[in-house]
Amino acid sequence: MNTEKKHQSLMKKHHTESVKKNLAGVSTPHGFTLDDAIRSGVENEDSGVGIYAGDEESYVLFSEIFDPVIEEYHGGYKPTDMHTADLDSEKLIADSIDPDGTFVVSTRIRVGRNLKGTGFSPAIKQDERREVEQNVVNALSTLSGELSGEYYPILGMNEEIRERLVTDHFLFKQGDRFLASAGANRDWPEGRGIFHSGDKRFLVWVNEEDQLRIISMQEGGGIREVFERLSGGIRTLQEKLAFAYTDHLGYLSSCPTNLGTAMRASVHVKLPKLGKNEEHLKRICKELKLSVRGINGEHSDSEGGVYDISNKQRLGISEVNAVNLLIRGVGTLIMLEKCAD
Ligand code: ADP
Ligand code: DAR
């Protein structure tokens, strides 16, 4: 008999009889219901969170379940707390995460954004997704200098080019089973695409898990350059696009794990000695408020002793503070790697 306790997602934990009773029959302006929101966690019993928002109204109308999920995932963030944004690179504590250039292979910072008043990936209809794509592409055409580039729809993209972009960590694949259950893969690949600058150091994913993933990345540990490129791109885009934002939850994302800054700042870093005991490495990272991933995206494995290390906290922390936390944490990991046998 399988005696192993079934993993319980945050959704399952907070999907109480009161929630079921009070939210039955409630739907958002995009026709999104509680059953729609929890479907991913119901269909994927190994979900860690298991709930997605279909639009900004989901976080208000379904707050009886979203609030406790958010509070538990984001380290006690209360329904009355306020989020503050800060993209001032002057407050960064270092120019490079690895000045000697011996451990950090590459640095990437991404933020998620969704357009105000629209359906998010689990609820958006086909015509609205096309409209979002067009509005974003129009805004991308205003980027200049090192940020200027081209938009490439995935629909009709040469398969060899698409595969190479994914292998080289630039492009996204169709959503995983969690996103599929959430409805984010409907009409794939129509309305999805990638914008990138000539040097592929500035990229924007269109209509992946969020409507925009704005990305700055480069080889090495030059965190200040990566941050300033990203904040410059965000500044230009928000002159043309209105992003869904509230003082309480910051930038609104389809998955509640990405609220607030909606930022994941990551390095691919060589930690072969610490990696010999991955559970110990994960415990150290937890202490440092860092997440550990493999190097080919979420749910992937490490390769060659290289790990994807990033900030865990996204909400209730500013962008500069999240990046400074990564800088300090990776510095500690590199020191421990040097001391390890
Ligand atoms: P997200 O896009 O939500 O940050 P993923 O873990 O799915 O997260 O990463 C998306 C893609 O970006 C993957 O191909 C991954 O390998 C790549 N990636 C993430 N961090 C880095 C990094 N520091 N250097 C190079 N590629 C990275
Ligand atoms: N796999 C889902 C979502 C976790 C966070 N990752 C995102 N949003 N890509 C889960 O509930 O475990």
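The structure reproduced in this document is the subject of the present report.

Conventions we followed
Residues numbered from 1 in each chain as written. Chains lettered and ligands numbered in written order. Predicted model: local features only at pLDDT ≥ 70, side-chain atom pairs only at ≥ 80, totals over all residues. Heavy atoms only, no water. Helix = DSSP H or I, 4+ residues; strand = E, 2+ residues; numbered from the N terminus. Rg over C-alpha atoms; globule rule 2.2 N^0.38 Å. Buried < 20%, exposed > 50% of the residue type's maximum accessible area, 1.4 Å probe, protein only. Contact = heavy atoms within 4.5 Å. Phe/Tyr/Trp six-rings, centres within 6.5 Å; stacked < 30°, edge-to-face > 60°. Near = heavy atom within 4 Å. Polar contact = N/O pair within 3.5 Å; in protein donor to acceptor, adjacent residues only side chain to side chain. Nonpolar A, V, L, I, M, F, W, Y, C, P; charged D, E, K, R; others polar. Core = buried A, V, L, I, M, F, W, Y, C linked by side-chain atoms within 4.5 Å. Disulfide = S-S within 2.5 Å. Salt bridge = Lys/Arg side-chain N within 4 Å of Asp/Glu carboxyl O.

**Focus on the overall build of the protein**
Part 1 of the argument: Within the protein, the secondary structure is distributed over eleven helices and ten strands.
Part 2 of the argument: For 341 residues, the compact-globule formula gives about 20 Å, and the C-alpha radius of gyration of the protein, at 20 Å, lands near that figure.
Part 3 of the argument: Counting only residues that meet the buried cut, the protein has 55% of its 341 residues in that class.
Part 4 of the argument: The contacts in the protein between residues at least 6 apart in sequence include a share of 74% that link residues at least 24 apart.

**Describing the environment of G149**
Part 1 of the argument: Topologically, G149 is positioned in strand β2 (residues 149-153).
Part 2 of the argument: Apart from the residues within four sequence positions on either side, G149 is in contact with F195, H196 and S197.

**Examining the packing of aromatic side chains**
Part 1 of the argument: For the structure on display, the rule yields five aromatic pairs.
Part 2 of the argument: Look at Y59 and F66: their rings are 4.7 Å apart centre to centre, the planes differ by 55°, and that puts the pair in the tilted class. Both residues of the pair, Y59 and F66, count as buried.
Part 3 of the argument: Judged by centre distance (6.4 Å) and plane angle (75°), the ring pair of F195 and F202 falls under edge-to-face.

**What to know about the side chain of H74**
Part 1 of the argument: Mapped onto the secondary structure, H74 falls in the loop between α5 (63-73) and β1 (104-113).
Part 2 of the argument: Beyond its immediate stretch of four places on either side in the chain, H74 contacts P256, T257, R314 and L315.

**Remarks on the site of ligand 2**
Part 1 of the argument: Taken together, the residues surrounding ligand 2 are S47, G48, V49, G50, Y52, F178, E209, C255, T257, N258, E298 and H299.
Part 2 of the argument: The backbone of G50 places a nitrogen or oxygen atom 2.8 Å from an oxygen atom of ligand 2.
Part 3 of the argument: For the shell around ligand 2, the residue count by class is four nonpolar, six polar and two charged.

**Description of the nonpolar core**
Part 1 of the argument: Judged by nonpolar contacts, the single largest core of 55 residues is most densely connected at I109, L140, V204, I214, I309, V323 and L333.
Part 2 of the argument: Counting residues per element, this core draws most heavily on helix α11 (residues 319-339), at nine residues.
Part 3 of the argument: When neighbours within four sequence positions are excluded, L140 is seen to be in contact with Y151, F195, V204, V206 and L237.
Part 4 of the argument: In this structure, L10, I38, A123 and A244 belong to the second largest nonpolar core, which totals 25 residues.

**With respect to the state of the cysteines**
Part 1 of the argument: A complete count under the given rule lists zero disulfides for this structure.
Part 2 of the argument: Of all cysteine sulfurs in the structure, the one in C285 sits closest to C339, which takes part in no disulfide; the separation is 16 Å.

**Some remarks on the site of ligand 1**
Part 1 of the argument: Near ligand 1 there are 18 residues, and of these S106, R264, S266, R293 and I295 occur at the shortest range.
Part 2 of the argument: A distance of 2.8 Å separates an oxygen atom of ligand 1 from a polar side-chain atom of R264.
Part 3 of the argument: In the environment of ligand 1, an oxygen atom lies 2.8 Å from a nitrogen or oxygen atom belonging to the backbone of I295.
Part 4 of the argument: Sorting the residues of the shell around ligand 1 by element identifies β1, β5 (212-219) and β8 (263-270) as the ones contributing at least two each.
Part 5 of the argument: Residues of the shell around ligand 1, tallied by class, amount to four nonpolar, seven polar and seven charged.

**Comments concerning the pattern of salt bridges**
Part 1 of the argument: Throughout the structure, instances matching the rule amount to 20 salt bridges.
Part 2 of the argument: In this structure, K78 engages E71 in a salt bridge whose closest nitrogen and oxygen atoms are separated by 2.5 Å.
Part 3 of the argument: According to the relative accessible area criterion, E71 is partly exposed, its value standing at 23%.
Part 4 of the argument: Across the salt bridge formed by R264 and D308, the nearest N and O atoms sit 2.8 Å from each other.

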